[in-house]
Amino acid sequence: MSVTYLGVRHHSPACARLVARTIERLRPAHVLVEGPADLDGRLDELLLGHEPPVAVFSHYRDDERSATSWTPLCAYSPEWIALTRGRAAGAEVRFIDLPAWHPAFAGRANRYADAELRYAEATARLRHRFGVDSTDALWDRMIETDPDAPDLAERLEAYFDAIRGDTEADPSDRAREAYMAEWIRAALAAAGDRPVLVVTGGFHRPALRRLVETGGGGARDRDAAARGGARAGVEAAGPDADAGAGTDAEAGEAGTGAGAAVVAAAEARPGPGAGAAAEARPGAGAGGAGRGAAVWPAVPAPPEGALSGSFLVPYSFRQLDSFAGYESGMPSPAYHQWLWEDGPEAAGRRLVRTVAGRLRDRGHPVSTAALVAAGASAAALAALRGHPVPGRLDLLDSLAGALVTEALDEPLPWTRRGPLRAGSHPAVVEMVAACCGDRVGRLHPDTPVPPLVHDVAGRLAALGLDGTAPVTLRLTAPDGLERSRVLHRLRVLGVPGYERTAGPADGTDPVVEERWEPRPGAGREAALVEAGAYGARLDDAALVALGDRARAAADDCGALAAVLFDTVVCGATHLAGPLVTRLRAGLASASAPGPLGSALATALGLWRHDRVYGVARDPLLAAAVDTAVTRLLWLVEGTAPGGRGPSGGPDRTRLRALVAVRDALLHAAPLLSVSRETAAGVFRRVAADPAAAPDLRGAAFGLVRVLSHPPRPGAGAEPGVADAVRAVAAPAVLGDWLAGLFAVAREELADGDGPTGDGRAGEGHAGDGGTGAGGGTLVGVLDELVVAMSGTDFLIALPALREAFAWFPPVERERIAARLIERRGLRGSARALLRTTADPLDLARARTLEDHVSRTLDGLGLGAAG
């Protein structure tokens, strides 16, 4: 009777090979695997014949907290090989770790998150000793480049002993190790003279061996450690630990009391167990069993009233890849799949071919000479680093050296962990993508799914929404409204398949039709299974998801407004009242215009235009609109000297907030405690304040014109637009000011005072567009100002000018271009003028560079004239 401990790294091909060889050599009676013990009764389901990668998705919900987690498995995961090869060898295979809902996993959304990342000090010492940049490079150097080394087991033991060392595990790991030790002792008692194989994360191996040999662990030690783990989870997760399903923080505890209650329930009531585990006696652990009789540990069950479950879902290489943010295991899953299937030499050749093919397909030149140079460099690096053949990092470093010919702004991504950063070199992006791959797992057709999957399939079929054609829905028709609600509920749950491309929007004119376009359904199966954590029926699941979002929003009025809108379009109008009450409280204390504006647009749009959902003219919405307008006016005047300056560009969120204020003042004046005249006075003061941000001044100027038309009795005419533009002609200011003006007064300008209007006043010329009061046409003034700019000034002004004119829809921009062509006395297509083959900013920079070169050559007597 013996036990063999294999400490592995999750998703390591070298470790998977070692597990396979060990099972073949030992022919063990039991193979015990780190994984959720509450799934032991469903291992037949896990081994149906899926195409990895797949994952076990687990969820938990009670009155105080919610948690979700994944246990991913790919073809080269050591755990997957232990399960499949162990079953094939006739062994009893079992998961032996605590269930995913247990407080030991508080704050952890992935069961297989590497312990090396949690205990970074030890790995830092090893990285320094071996002179490598990252833990992945250290692992590649020690393990993965020679997967068939005869001393691989000894290398792994030395590596994980060095990681664990004298480090005191945290309470969560101690609770898990105490529980796993109970299973190992029970398997030893049941195995007789046959061996037992234990496959766990290498960090746990030293502790498990010690606990089993000394008789430590057991239920009492495990539950004490779990209490400490629950407290640690509370501290790590913070006050927002119950933020709802689908986030990395969701496995956190809502409070210390919740964690203690979970542990107490687990003590009082054994779980249903699985297989032999179902025979466990309440309170009986393997620690008290004699060597001649096996008493399998009880599987902790969730507290009474809690909802929990686990289901298999398809997984993808992108979800596994650490370059995409995955917190566990190996980066570059496609490369490691090739390594598992074909060995290091063939995997290296395939990597080079794939990188070259991807780059060539995307128009990046890759010469044969560059690939030959990369191959020679990889061989040299492998020899220098002591690798028997070029490994992943040898190949990537060499390809980068051969294909990237300019300086990089940051280190290569494989020297660290985490997603690619914006602006990465195209060759580097393609190298990472080639190593990642695009494989998506497939579940066996007989795989059980949660009830929600069947409910959704039935709903979509009954409503004719199970096809692939676009759908146009009339919301005033009962069948159209019902179909809309179903699609919105799926959207709220994050289930892909359809995307709404047109329909009612916040603060827009009345719209009673929606259009939904089919979209690629990648990930739909997994998303539906995961959404099953919210409920068994679509309408119930959507309500629970919305409730989670509302709790997570706290007093963020922008987030609450988004939840309110989704609640209404999902048909849960009975929940709108409490949401509006919370929204109004948040509006009164909001300190940023952006979220306030979003909330105002939502509340105003529902109050004004809703002819479908039954909330139009709701008094609670009216009160929220008044609160938002008052608060925004106070913020705009009180913070006018702040905000972005000339170099920061216009603040679009603030401008959208001012658009919402305009709409409220124009269309909901009876609701407001602030009159138009009072609001116009606020904007008049802001427009004249030289310390205010230019976009804010431009918007204030436009709002004065909108709210004061016709002019106030006894007041002089407001300054003309053209005169006002000349007053802000500085290149760093002009575009920002115009962005504010166009955001709030575009339509008013188009009616006669702006670029697209046909007004004739002052110094206007035929075809120039409208004018302000006595100052020239706006198009004419802008043309004069831009022509007068130097090349440098134009480069300064151009980005903000483009952003300003982006407030006009394409048709109106085309009209402006036509006016400009006509003004210049030219012929040509306005549409062609707007559709340049290159970025206008690049063209302007090129022109400025050419002018600078010409002047320099002329100054040296080398120009054409010389």
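Quick caveat, the model's predicted, so the values are computed rather than measured. (Residues numbered from 1 in each chain as written. Predicted model: local features only at pLDDT ≥ 70, side-chain atom pairs only at ≥ 80, totals over all residues. Heavy atoms only, no water.)

Mind showing me how you'd approach helix α32 (residues 791–805) here?
Because each turn of an α-helix spans 3.6 residues, side chains separated by three or four positions in sequence point in the same direction. An ideal rise of 1.5 Å per residue puts 21 Å on 15 residues; α32 measures up with 20 Å between its terminal C-alpha atoms. Maximal helix bending in α32 amounts to about 40 degrees, located at Leu798; proline Pro799 follows within four positions. Every buried residue of α32 is listed here: Ala797, Leu798, Ala800, Leu801, Ala804 and Phe805. (Helix = DSSP H or I, 4+ residues; strand = E, 2+ residues; numbered from the N terminus. Expected span 1.5 Å × (residues − 1). Bend = angle between axes of the 7 residues up to and from the residue. Buried < 20%, exposed > 50% of the residue type's maximum accessible area, 1.4 Å probe, protein only.)

Got a minute to help me understand the side chain of Arg205 in this structure?
Looking at the secondary structure, you find Arg205 in helix α9 (residues 205–214). On the accessibility criterion, Arg205 (5% relative accessible area) is buried. Here Asp161 takes part through its side chain, which lies 2.6 Å from a polar atom of the side chain of Arg205. In this view, Arg205 contacts Tyr5, Leu6, Gly7, Glu157, Asp161 and Thr200; residues no more than four positions away in its chain are not counted. (Polar contact = N/O pair within 3.5 Å; in protein donor to acceptor, adjacent residues only side chain to side chain. Contact = heavy atoms within 4.5 Å.)

I keep staring at unusual backbone geometry and nothing clicks. Help me out?
Glycine aside, residues mostly have negative phi angles, and peptide bonds mostly take the trans form. The omega torsion of the bond from Pro52 to Pro53 falls at 10 degrees, within 30 degrees of zero and hence cis. On the secondary structure map, Pro53 appears in the loop between α2 (43–46) and β3 (54–61). Of note in the backbone geometry, Ser332 takes a positive phi value of approximately 55 degrees without being a glycine. Residue position: Ser332 is located in the loop between α12 (317–320) and α13 (333–342). Phi at Ala554 is positive, roughly 55 degrees, even though this residue is not glycine. If you trace the backbone, Ala554 turns up in the loop between α21 (538–553) and α22 (557–569). Residue Ala554 is classed as partly exposed on the basis of its relative accessible area of 42%.

Which parts of the structure should I look at to understand the sheet that holds strand β8 (residues 471–474)?
Where strands meet in a sheet, backbone hydrogen bonds hold them as pairs that are either parallel or antiparallel. Across the sheet, which stays open at both edges, the three strands sit in the order β8-β10-β9 with antiparallel pairing between neighbours. One side of each edge strand has no neighbouring strand; the edge strands of this open sheet are β8 and β9 (498–502). Recorded for the sheet is a direction-independent mean angle of 30 degrees between the axes of neighbouring strands. In this sheet, strand β10 (residues 513–518) lies alongside β9 in antiparallel orientation, the contact comprising four bridges. Within the sheet, the bridge partner assigned to Arg500 lies in β10 and is Trp516. Along the sheet, helix α19 (residues 478–492) makes contact with β8, β9 and β10, crossing β8 at roughly 125 degrees. (Pairing = 2+ DSSP bridges. Axes fitted to C-alpha atoms, helices over the stretch in contact; angles between N-to-C directions.)

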